[in-house]
Amino acid sequence: MTVRHFLKDSSVSPGEQAQILNLALKVKAHRWNRRPLTGPRAVAVLTDKPTLRTQLSFCVGVAELGGYPMFVDGKLAGVGQRESVADVARVLGRQVSAIVWRTYGQDRIEEMAAHVNVPVINALTDDFHPCQVLADLLTVAEHRGGVKRLRGAKLAYFGDGANNMAHSYLLGGATAGMNVVIATPDGYRPKAEILTEAQAIAEVTGAQVSVTADVAAAASAADVVATDTWVSMGQEGDAAARRAPFVPFRVDDALMAAAAPEAIFLHCLPAYRGNEVTESVIDGPQSRVWDEAENRLHAQKALLIWLLRQAGLKRVAPAGSYDAAMMPSAGAAMGVGS
Ligand code: NVA
């Protein structure tokens, strides 16, 4: 059995992404009737960076699925310092059913995934924030009346085009068949290889992806307007230098007026009112940021259910059942344990 991971938005195919989003709609509508982690089976939720929504939504979600969320402070654990990522992976992989990790380099989460045979979920790296974009897609699908209606919708993102949200909008949006426009200053364009990957996905799904410094063109007729902080976690030392280039990309009332009449505003939070978005927009009638934050819970529960099914966990785990596929010792059998 090949274990599937969710390390970036393109870890799932367009069809699989639609399955997960449709499952998320069902999970949200019937919040308490799926308990595949009954046992309770544990899920490790590790973070090397600050967190509110990620810790909350994964821990609540795992509990609602009948499992036990084991929160691990990455600084205390010293992943990659006190012991290697591979050794941490080998230890965790024998005791938990899935690993959720917020960290810095994408290489770290890839290394974790290479040394376990339980699903690894990217809960934000410097390059990607795929769980957030899954929640955003769910929010857009709800607003537009279904997952199929994502196709062709224009999502315009304003701000740091080289950060995790911009990259995940490119990959996740292209996977959903959307028209993704990243509006960013010239020095902050997305990584070339990520843009290339998004373009390749777009060719398959009929999506469009583009990068521009033209704010008006990006905003024009947008169905979804999104932004993010100008200073991501780990960039605090550059905060002063990162302000001036982004001021023209602030989402304000004039920008929203250029978007489609039914446009919604999204922000992964935390938000810095007066910087990347005005108070009037984030607290205004087009804002869906609180639905978006709640949808982390539903989208991630669906993702966990889907990944655990791929890993062989039975659809319904009867009370007291024991699933050999998820046994800790399976890691050794795969030759990845020690
Ligand atoms: N780009 C932001 C997202 C926060 C959820 C960061 O990485 O800090």
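Residues numbered from 1 in each chain as written. Predicted model: local features only at pLDDT ≥ 70, side-chain atom pairs only at ≥ 80, totals over all residues. Heavy atoms only, no water.

Let us look at unusual backbone geometry. Cis geometry is found at the peptide bond from glycine 39 to proline 40, where omega equals 0°. Tracing the chain through its elements places proline 40 in the loop between helix H1 (14–29) and strand E1 (42–47). Between leucine 269 and the following residue, proline 270, the backbone shows a cis peptide bond with an omega angle of 5°. Tracing the chain through its elements places proline 270 in the loop between strand E9 (264–267) and helix H11 (279–282). (Helix = DSSP H or I, 4+ residues; strand = E, 2+ residues; numbered from the N terminus.)

What follows covers the site of the ligand. Around the ligand sit Leu124, His129, Asn163, Asn164, Asp228, Thr229, Ser232, Met233, Cys268 and Leu269, and those are all the residues in its vicinity. Note that an oxygen atom of the ligand is positioned 2.8 Å from one of the backbone N or O atoms of methionine 233. Residues of the shell around the ligand, tallied by class, amount to four nonpolar, five polar and one charged. (Near = heavy atom within 4 Å. Polar contact = N/O pair within 3.5 Å; in protein donor to acceptor, adjacent residues only side chain to side chain. Nonpolar A, V, L, I, M, F, W, Y, C, P; charged D, E, K, R; others polar.)

Turning our attention to the layout of surface pockets. If you add up the space inside the largest pocket, you get close to 490 Å³. Secondary structure elements with two or more residues in the lining of the largest pocket: helix H2 (53–64) and helix H7 (164–175). Per-element tally for the lining of the largest pocket: the top contributor is H7, with three residues. By residue class, the composition of the lining of the largest pocket is twelve nonpolar, eleven polar and eleven charged. (1 Å grid on protein atoms, 1.4 Å probe; cavity = no way out; pocket = protein on both sides within 12 Å on 5 of 7 lines; lining within 4 Å. Points joined across faces, edges and corners; volume = space filled by probe spheres on them.)

The subject of this paragraph is the environment of glycine 173. Position of glycine 173 among the secondary structure elements: in helix H7. A relative accessible area of 2% places glycine 173 in the buried class. Sequence separation between glycine 173 and tryptophan 290 is 117 residues; the distance between their C-alpha atoms is 20 Å. If sequence neighbours within four positions are ignored, glycine 173 has contacts with Ser168, Met178 and Val180. (Buried < 20%, exposed > 50% of the residue type's maximum accessible area, 1.4 Å probe, protein only. Contact = heavy atoms within 4.5 Å.)

These figures come from the coordinates and say nothing about function on their own.
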